Amino acid sequence: MNRVYAAALLVGLSFWAGWEWRDRSADLAQSRQATKQAQAETKAVETARSAEHQQSDTLAKIGETHEQARAAAPAVADAVVADLRAGNLQLRDGWASCETQRLSDASAAARERDAAAQRRAEFAGAVVRAGRDADDQLAACQAVIRAYVAQ
């Protein structure tokens, strides 16, 4: 009878040990899978952060270039006004006649003609500055779009 109990106990212990081994093997496989998944997620986050930092640097460079162009814009407009006044630049007749259309050259006093020429030069400078600002802004917008499309 003792042998029967011993055999039953041995079978029971073997069954229990097999069951525990199977559970622990499954737990080990599951933890390995979870570790691989966590490593993949970490790598994906690092890749995304790297791309985000690179894009941030690119956008910062674009912004810096745009701000430099904005700072230089008044100098260009002032140079156009100075060149017009010095006679280095001349406006086309269609442009020049816009301001003096209402005054005929024969009846206008010299002072009025000089004031009109000065206003014309200042207006041309303002138009050049507005055009340059628009061109700079458009170039910056296009650079931002190219940066977003590239990634």
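Residues numbered from 1 in each chain as written. Predicted model: local features only at pLDDT ≥ 70, side-chain atom pairs only at ≥ 80, totals over all residues. Heavy atoms only, no water.

Student: Any details on the overall build of the protein chain? Residues and values, ideally.
Tutor: The helix and strand tally for the protein chain stands at three helices and zero strands. When the helices and strands of the protein chain are read in sequence order from the N terminus, they spell out α-α-α. Residues counted as buried form 13% of the 151 residues belonging to the protein chain. Taking the intrachain contacts of the protein chain between residues at least 6 apart in sequence as the baseline, contacts between residues at least 24 apart amount to 79%. As presented, the protein chain carries roughly 12100 Å² of accessible surface, and 57% of it is formed by carbon and sulfur atoms. (Helix = DSSP H or I, 4+ residues; strand = E, 2+ residues; numbered from the N terminus. Buried < 20%, exposed > 50% of the residue type's maximum accessible area, 1.4 Å probe, protein only. Contact = heavy atoms within 4.5 Å. Areas by Shrake-Rupley, 256 points an atom, 1.4 Å probe, with all protein chains shown as cover.)

Student: Can you explain the nonpolar core? Please cite residues and give values.
Tutor: Counting five residues, the largest nonpolar core is built from Val-80, Val-81, Leu-84, Ala-121 and Ala-124. For this core, the element with the highest residue contribution is helix 1 (residues 2-86), accounting for three residues. Setting aside residues no more than four positions away along its own chain, Val-81 makes contact with Ala-121, Glu-122 and Gly-125. (Core = buried A, V, L, I, M, F, W, Y, C linked by side-chain atoms within 4.5 Å.)

Student: Tell me about the side chain of Asp-136, and name the residues and values.
Tutor: Among the secondary structure elements, Asp-136 is positioned in helix 3 (residues 110-150). According to the relative accessible area criterion, Asp-136 is buried, its value standing at 15%. Among all residues touching Asp-136, those that are not within four sequence positions of it are His-66, Ala-69 and Arg-70.

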